[in-house]
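Descriptive structure summary
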Amino acid sequence: MNSHFDFLAPFYDRVISFSRLEQILRVLDLPNPGSLLDAGGGTGRVAAALRPHVGFLAVIDVSRAMLAQARQKDLPAASAETERLPFADGSFDRVLMVDALHHVSDRTATVRELYRVLNPGGRLVIEEPDLRTWPVKLIALAEKLAFMRSHFLAPRQIAALFPPDAKIEIEAEENTAWIIAQKVTDQTA
Ligand SMILES: C[S@@+](CC[C@H](N)C(=O)[O-])C[C@H]1O[C@@H](n2cnc3c(N)ncnc32)[C@H](O)[C@@H]1O
(Lines give C-alpha, C1' and ligand atoms only; values in the text may rest on other atoms or scores of the structure.)
Protein backbone atom coordinates (compact mmCIF):
# COMPACT_ATOMS: atom_id res chain seq x y z
CA MET A 1 0.00 0.00 0.00
CA ASN A 2 2.92 2.26 0.79
CA SER A 3 4.46 1.80 -2.66
CA HIS A 4 1.02 2.45 -4.16
CA PHE A 5 0.97 5.96 -2.64
CA ASP A 6 4.71 6.45 -3.23
CA PHE A 7 3.93 5.93 -6.93
CA LEU A 8 0.88 8.23 -6.92
CA ALA A 9 2.48 11.04 -4.89
CA PRO A 10 3.83 13.23 -7.74
CA PHE A 11 0.42 13.27 -9.49
CA TYR A 12 -1.88 13.01 -6.46
CA ASP A 13 -2.89 16.68 -6.07
CA ARG A 14 -3.56 17.02 -9.80
CA VAL A 15 -5.81 13.93 -9.89
CA ILE A 16 -7.64 14.27 -6.55
CA SER A 17 -9.11 17.73 -6.20
CA PHE A 18 -10.18 19.25 -2.87
CA SER A 19 -13.53 21.00 -2.90
CA ARG A 20 -15.01 20.54 0.57
CA LEU A 21 -13.22 23.22 2.59
CA GLU A 22 -16.42 24.77 3.99
CA GLN A 23 -17.73 21.41 5.27
CA ILE A 24 -14.38 20.47 6.84
CA LEU A 25 -14.12 23.87 8.56
CA ARG A 26 -17.63 23.41 9.94
CA VAL A 27 -17.33 19.81 11.16
CA LEU A 28 -13.90 20.53 12.70
CA ASP A 29 -15.24 23.71 14.33
CA LEU A 30 -12.51 25.88 12.79
CA PRO A 31 -11.04 28.46 12.99
CA ASN A 32 -9.25 27.58 16.23
CA PRO A 33 -5.99 29.04 17.57
CA GLY A 34 -4.80 25.60 18.76
CA SER A 35 -3.10 22.64 17.10
CA LEU A 36 -4.32 20.21 14.43
CA LEU A 37 -3.01 16.79 13.39
CA ASP A 38 -3.79 15.60 9.86
CA ALA A 39 -3.30 11.83 10.19
CA GLY A 40 -2.71 9.93 6.95
CA GLY A 41 -2.49 13.46 5.56
CA GLY A 42 -0.57 12.43 2.43
CA THR A 43 0.58 15.34 0.25
CA GLY A 44 -0.88 17.88 2.68
CA ARG A 45 -3.56 18.69 0.10
CA VAL A 46 -6.17 19.24 2.85
CA ALA A 47 -3.75 20.53 5.52
CA ALA A 48 -2.54 23.33 3.22
CA ALA A 49 -6.12 24.56 2.85
CA LEU A 50 -6.68 24.41 6.64
CA ARG A 51 -3.41 26.18 7.56
CA PRO A 52 -4.89 29.73 7.72
CA HIS A 53 -7.64 28.49 10.09
CA VAL A 54 -5.56 26.93 12.88
CA GLY A 55 -2.61 27.96 15.08
CA PHE A 56 -0.31 25.01 14.38
CA LEU A 57 -0.73 22.06 12.07
CA ALA A 58 1.22 18.83 11.40
CA VAL A 59 0.87 16.05 8.84
CA ILE A 60 1.83 12.42 9.50
CA ASP A 61 1.82 9.62 6.95
CA VAL A 62 3.64 6.37 6.14
CA SER A 63 4.48 7.23 2.53
CA ARG A 64 7.77 9.09 2.20
CA ALA A 65 6.88 10.34 -1.27
CA MET A 66 3.52 11.72 -0.09
CA LEU A 67 5.30 13.42 2.85
CA ALA A 68 7.85 14.93 0.44
CA GLN A 69 4.96 16.61 -1.38
CA ALA A 70 3.64 17.95 1.96
CA ARG A 71 7.09 19.38 2.81
CA GLN A 72 7.16 21.15 -0.55
CA LYS A 73 4.13 23.06 0.76
CA ASP A 74 6.19 24.03 3.86
CA LEU A 75 4.02 21.87 6.09
CA PRO A 76 5.55 20.14 9.14
CA ALA A 77 5.37 16.50 8.03
CA ALA A 78 6.61 13.35 9.79
CA SER A 79 6.66 9.64 9.10
CA ALA A 80 4.42 7.73 11.51
CA GLU A 81 1.80 4.99 11.48
CA THR A 82 -1.63 5.99 12.69
CA GLU A 83 -1.72 2.75 14.70
CA ARG A 84 1.22 3.99 16.84
CA LEU A 85 1.26 7.76 17.02
CA PRO A 86 4.47 9.27 18.48
CA PHE A 87 2.58 11.91 20.49
CA ALA A 88 1.59 12.21 24.14
CA ASP A 89 -2.05 11.91 25.21
CA GLY A 90 -4.07 15.06 24.50
CA SER A 91 -1.47 16.67 22.21
CA PHE A 92 -3.85 18.17 19.62
CA ASP A 93 -6.98 20.35 19.79
CA ARG A 94 -8.17 19.00 16.46
CA VAL A 95 -7.46 15.66 14.75
CA LEU A 96 -8.43 14.96 11.15
CA MET A 97 -8.28 11.90 8.91
CA VAL A 98 -9.49 12.28 5.31
CA ASP A 99 -9.97 9.33 2.98
CA ALA A 100 -7.36 7.24 4.79
CA LEU A 101 -9.11 5.01 7.37
CA HIS A 102 -9.93 2.35 4.75
CA HIS A 103 -6.21 2.21 3.83
CA VAL A 104 -4.71 1.60 7.29
CA SER A 105 -3.91 -1.94 8.39
CA ASP A 106 -5.58 -1.68 11.80
CA ARG A 107 -8.68 0.55 11.95
CA THR A 108 -9.42 -0.19 15.61
CA ALA A 109 -5.92 0.78 16.77
CA THR A 110 -5.99 3.85 14.52
CA VAL A 111 -9.24 5.22 15.93
CA ARG A 112 -8.01 4.51 19.48
CA GLU A 113 -4.77 6.39 18.77
CA LEU A 114 -6.45 9.37 17.06
CA TYR A 115 -8.74 9.71 20.08
CA ARG A 116 -5.89 9.29 22.57
CA VAL A 117 -3.89 12.23 21.13
CA LEU A 118 -6.99 14.46 21.12
CA ASN A 119 -7.05 17.13 23.82
CA PRO A 120 -10.01 16.89 26.23
CA GLY A 121 -12.58 19.34 24.87
CA GLY A 122 -11.17 18.79 21.38
CA ARG A 123 -12.73 17.50 18.19
CA LEU A 124 -11.77 14.65 15.87
CA VAL A 125 -13.17 14.18 12.36
CA ILE A 126 -12.87 11.12 10.13
CA GLU A 127 -13.97 11.68 6.54
CA GLU A 128 -14.60 8.49 4.60
CA PRO A 129 -16.40 7.40 1.43
CA ASP A 130 -19.91 6.51 2.60
CA LEU A 131 -20.27 2.73 2.31
CA ARG A 132 -24.07 3.05 2.54
CA THR A 133 -24.12 4.47 -1.02
CA TRP A 134 -24.01 2.32 -4.17
CA PRO A 135 -21.04 4.08 -5.84
CA VAL A 136 -18.91 3.44 -2.76
CA LYS A 137 -20.13 -0.19 -2.47
CA LEU A 138 -18.98 -0.67 -6.09
CA ILE A 139 -15.59 0.97 -5.42
CA ALA A 140 -15.13 -1.28 -2.36
CA LEU A 141 -15.95 -4.35 -4.47
CA ALA A 142 -13.63 -3.25 -7.30
CA GLU A 143 -10.76 -2.68 -4.86
CA LYS A 144 -11.38 -6.14 -3.36
CA LEU A 145 -11.29 -7.73 -6.83
CA ALA A 146 -8.07 -5.82 -7.57
CA PHE A 147 -6.56 -7.33 -4.36
CA MET A 148 -6.08 -3.88 -2.84
CA ARG A 149 -5.86 -4.08 0.92
CA SER A 150 -8.40 -1.33 1.53
CA HIS A 151 -11.25 -2.17 3.89
CA PHE A 152 -14.24 0.17 4.04
CA LEU A 153 -16.47 0.48 7.10
CA ALA A 154 -19.92 2.04 7.28
CA PRO A 155 -20.17 5.23 9.38
CA ARG A 156 -21.82 3.45 12.32
CA GLN A 157 -19.10 0.79 12.33
CA ILE A 158 -16.48 3.56 12.52
CA ALA A 159 -18.43 5.26 15.33
CA ALA A 160 -18.46 1.94 17.24
CA LEU A 161 -14.63 1.91 17.34
CA PHE A 162 -14.56 4.93 19.69
CA PRO A 163 -14.51 4.57 23.48
CA PRO A 164 -17.93 4.99 25.13
CA ASP A 165 -17.11 8.45 26.52
CA ALA A 166 -16.76 9.94 23.01
CA LYS A 167 -19.69 12.06 21.86
CA ILE A 168 -20.26 11.02 18.23
CA GLU A 169 -22.22 12.59 15.41
CA ILE A 170 -22.44 11.38 11.82
CA GLU A 171 -23.01 13.69 8.86
CA ALA A 172 -23.23 12.66 5.23
CA GLU A 173 -23.51 14.31 1.85
CA GLU A 174 -23.58 12.56 -1.51
CA ASN A 175 -20.98 9.75 -1.22
CA THR A 176 -19.03 11.15 1.74
CA ALA A 177 -19.54 10.67 5.48
CA TRP A 178 -18.01 12.57 8.39
CA ILE A 179 -17.72 10.86 11.77
CA ILE A 180 -17.32 13.67 14.31
CA ALA A 181 -16.07 12.78 17.80
CA GLN A 182 -15.82 15.17 20.72
CA LYS A 183 -13.79 14.37 23.82
CA VAL A 184 -16.21 15.80 26.30
CA THR A 185 -15.02 17.24 29.64
CA ASP A 186 -17.04 18.47 32.61
CA GLN A 187 -16.67 21.99 31.19
CA THR A 188 -17.77 21.08 27.63
CA ALA A 189 -20.55 18.57 28.51
C1 LIG B 1 -6.09 8.29 -0.17
S2 LIG B 1 -4.69 8.99 0.64
C3 LIG B 1 -5.40 10.40 1.43
C4 LIG B 1 -4.37 11.43 1.79
C5 LIG B 1 -4.94 12.72 2.40
N6 LIG B 1 -5.63 12.48 3.64
C7 LIG B 1 -5.84 13.42 1.41
O8 LIG B 1 -7.08 13.39 1.61
O9 LIG B 1 -5.33 14.00 0.47
C10 LIG B 1 -4.43 7.85 2.02
C11 LIG B 1 -3.15 8.13 2.78
O12 LIG B 1 -3.11 7.29 3.94
C13 LIG B 1 -1.76 6.93 4.16
N14 LIG B 1 -1.71 5.77 5.05
C15 LIG B 1 -2.12 4.50 4.80
N16 LIG B 1 -1.94 3.72 5.87
C17 LIG B 1 -1.41 4.52 6.84
C18 LIG B 1 -1.02 4.31 8.20
N19 LIG B 1 -1.14 3.11 8.79
N20 LIG B 1 -0.50 5.34 8.89
C21 LIG B 1 -0.37 6.58 8.31
N22 LIG B 1 -0.74 6.85 7.04
C23 LIG B 1 -1.26 5.82 6.32
C24 LIG B 1 -1.23 6.68 2.76
O25 LIG B 1 0.18 6.68 2.70
C26 LIG B 1 -1.88 7.83 1.99
O27 LIG B 1 -1.07 8.97 1.94
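For the structure itself, look to the data block above.
Rules behind the numbers
- Residues numbered from 1 in each chain as written.
- Predicted model: local features only at pLDDT ≥ 70, side-chain atom pairs only at ≥ 80, totals over all residues.
- Heavy atoms only, no water.
- Buried < 20%, exposed > 50% of the residue type's maximum accessible area, 1.4 Å probe, protein only.
- Helix = DSSP H or I, 4+ residues; strand = E, 2+ residues; numbered from the N terminus.
- Arc of directions from axis to C-beta.
- Near = heavy atom within 4 Å.
- Polar contact = N/O pair within 3.5 Å; in protein donor to acceptor, adjacent residues only side chain to side chain.
- Areas by Shrake-Rupley, 256 points an atom, 1.4 Å probe, with all protein chains shown as cover.
- Nonpolar A, V, L, I, M, F, W, Y, C, P; charged D, E, K, R; others polar.
- Pairing = 2+ DSSP bridges.
- Axes fitted to C-alpha atoms, helices over the stretch in contact; angles between N-to-C directions.
- Contact = heavy atoms within 4.5 Å.

For the rest of this paragraph, the subject is helix 4 (residues 64–72). Three or more residues of helix 4 are buried, namely Met66, Leu67, Gln69 and Ala70. Across the axial projection of helix 4, the buried residues extend over an arc of 155°, all falling on one side. Facing away from the buried side of helix 4 by over 90 degrees, the exposed positions are Arg64 and Gln72. Looking one or two residues past helix 4, Asp74 carries a phi angle of roughly 60°, positive in sign.

In this section: the site of the ligand. If you check the shell around the ligand, you find 20 residues, and the closest are Gly40, Arg45, Asp61, Glu83 and Val98. Here Glu83 contributes a side-chain N or O atom positioned 2.9 Å from a nitrogen atom of the ligand. When the ligand is considered free in solution it has 600 Å² of accessible area, and contact with the protein chains removes 97% of it. At the level of elements, helix 1 (2–15) and helix 3 (45–50) are the ones that each hand at least two residues to the shell around the ligand. Here the residues of the shell around the ligand are counted per class, giving 9 nonpolar, 6 polar and 5 charged.

Read across the open sheet, the 7 strands follow the order 3-2-1-4-5-7-6; overall the sheet is mixed. Each edge of the open sheet carries a strand with a single partner, namely strand 3 (77–79) and strand 6 (166–173). In this sheet, adjacent strand axes meet at a mean angle of 20° when their direction is disregarded. In the sheet, strand 1 (residues 32–39) pairs with strand 4 (residues 92–98) via 3 bridges, with the strands oriented parallel. Along strand 4, the bridge assignment pairs Leu37 with Val95. Set on the sheet, helix 4 makes contact with strand 2 (54–61) and strand 3; between it and strand 3 the angle comes to about 165°.

Here the amide bond leading from Leu30 into Pro31 is cis, since omega sits at 10°, within 30 degrees of zero. Turning to its location among the elements, Pro31 is positioned in the loop between helix 2 (21–27) and strand 1. In this model, Asp29 sits at a positive phi of 55°, which is unusual for a non-glycine residue. Position of Asp29 relative to the elements: it lies in the loop between helix 2 and strand 1. Since its relative accessible area comes to 41%, Asp29 is described here as partly exposed. In this structure, Glu174 takes a positive phi of about 50° despite not being glycine. Secondary-structure assignment places Glu174 in the loop between strand 6 and strand 7 (176–183). Given the relative accessible area of 64%, Glu174 is considered exposed.

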